[in-house]
Amino acid sequence: LRSFAVGRFIRLFPLFWIICTCTYIFTLLMPNGTPVQFPEYIISMTMLGEHLANAFGYIHIVDAAYWSLVVELLFYVAIGLFVYLFSWKNIRWFTGLWLLISALAFFFHVDDSFIAKMLLVRHASYFLFGITLMLVVSTDYKTILQKYYDYAFLIGVAVYGACISPYALPPYLTPHPYD
């Protein structure tokens with residue numbers, strides 16, 4: 001778990017900090033722009049900027065486009081905890097259960113609830129596709145049934161993702177005219 005967490009941290013944060021700093025400097029140099037305040041910049045550097053900014057009474061973050069990194073961070077936490085508690089050998093159970101929960105959330109129109117957001121049901125198909133694609137590429141299959149299952153699941157997730165995409169991702173609103 002520690003190795004996984006360190007690997008994800010190194011993969012996400014250093015480059016994020018560089019890009020976030022560049023964006024912050026750009027907001028300061030932009031003529032007629034709305035510069036981001038230094039505390040907003042510091043809050044943005046946590047990668048939980050939007051959520052923390054609201055909690056501390058700030059309006060802006062460095063760039064609203066960084067929202068997807070929060071989703072990725074939650075995904076890594078979920079995968080890390082699952083593998084720690086249940087082993088990597090059970091990852092197919094994780095993917096199947098996550099797809100079922102996601103589909104049920106959309107079917108019963110609870111995809112906007114707090115729990116559904118924490119379970120990333122709106123983004124599940126993208127992560128599930130990636131996990132399954134990684135399994136297809138890296139697995140040394142012992143049975144043909146397992147191989148067919150992975151390919152069928154991959155195709156199923158792709159179709160599911162294409163079908164729910166218009167409902168899963170609300171239209172992007174531009175928070176700043178220069179974006």
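Only a predicted model underlies this, so the values are computations on that prediction, with no experimental measurement involved.

All right, on to the overall build of the chain then. Check the secondary structure of the chain and you find 8 helices and 0 strands. In sequence order, the secondary structure elements of the chain are arranged as α-α-α-α-α-α-α-α. With 179 residues in all, the chain has 35% of them scored as buried. Of all intrachain contacts in the chain linking residues separated by at least 6 positions in sequence, the fraction that spans at least 24 positions is 60%. Carbon and sulfur atoms make up 72% of the accessible area of the chain, which amounts to about 11700 Å² in all. Separation of charge centres in the chain, based on 9 positive and 9 negative side chains, amounts to 16 Å.

Here helix H1 (residues 2-29) is 28 residues long and its end C-alpha atoms lie 40 Å apart, about the 40 Å a rise of 1.5 Å per residue gives. Buried positions along H1 lie against helix H2 (38-44) and helix H4 (67-86).

A cluster of nonpolar side chains, contributed by Leu97, Leu100, Ile101, Leu104, Phe107, Phe108, Val110, Phe114, Ile115, Met118 and Leu119, occupies part of the molecular surface with about 1100 Å² of accessible area. Every element with two or more residues in the nonpolar patch is listed here: helix H5 (91-107) and helix H6 (114-118). Looking at the nonpolar patch element by element, the count peaks at 5 residues for H5. By secondary structure assignment, the location of Val110 is in the loop between H5 and H6. Taking the relative accessible area as the measure of exposure, Val110 reaches 40% and is therefore partly exposed.

This part takes up the packing of H1 against H4. Axis separation between H1 and H4 bottoms out at 10 Å; the angle between their running directions is 170°. By the angle between their directions, the pair H1 and H4 is classed as roughly antiparallel. Every residue of H4 that contacts H1 at Phe4, Arg8, Arg11, Leu12, Phe13 and Phe16 is listed here: Leu69, Glu72, Leu73, Tyr76, Ile79 and Gly80. Of the residues assigned to the contact of H1 with H4, the class counts are 8 nonpolar, 1 polar and 3 charged.

Calculation criteria
- In this convention, every chain numbers its residues from 1, walking through the sequence in written order.
- Two thresholds apply to this predicted model, a pLDDT of at least 70 for residue-level local features and 80 or more for giving and counting side-chain atom pairs, whereas whole-chain, interface and lining totals are computed over all residues.
- Side-chain metrics in this entry use all non-hydrogen atoms of the structure; hydrogen atoms and water are not considered.
- Only DSSP runs of H or I covering at least 4 residues are called helices, and only runs of E covering at least 2 are called strands; the numbering of each starts at the N terminus.
- Each residue's exposure class comes from its accessible area (1.4 Å probe, protein chains only) as a fraction of the maximum for that residue type: buried when under 20%, exposed when over 50%, partly exposed otherwise.
- The contact rule is simple, with two residues in contact once any of their heavy atoms fall within 4.5 Å.
- What sets the accessible areas is the Shrake-Rupley method with a 1.4 Å probe; for residues, cover comes only from the shown protein chains.
- Positive charge is attributed to Lys and Arg, negative charge to Asp and Glu, and no charge count is given to His or to the chain ends.
- Here the site of a charge means NZ on Lys, CZ on Arg, CG on Asp, or CD on Glu.
- Take the number of residues in a helix, subtract one, and multiply by 1.5 Å to get its expected span.
- Like-charged residues are merged into a patch within 9 Å and nonpolar side chains (Val, Leu, Ile, Met, Phe, Trp, Tyr) within 5 Å, provided each residue has over 30% relative accessible area and no salt bridge.
- For this analysis, a salt bridge means a side-chain nitrogen from Lys or Arg found within 4 Å of a carboxyl oxygen belonging to Asp or Glu.
- In this analysis, axes come from line fits to C-alpha atoms, helices being fitted only over the stretch in contact, and the angle between any two N-to-C directions falls in the range 0 to 180 degrees.
- Put simply, angles under 35 degrees are roughly parallel, angles over 145 are roughly antiparallel, angles from 65 to 115 are roughly perpendicular, and the rest are oblique.
- In this count, Pro and Cys sit with the nonpolar residues alongside Ala, Val, Leu, Ile, Met, Phe, Trp and Tyr, while Asp, Glu, Lys and Arg are called charged and the others, Gly among them, polar.

Shape descriptors only; they carry no functional weight alone.
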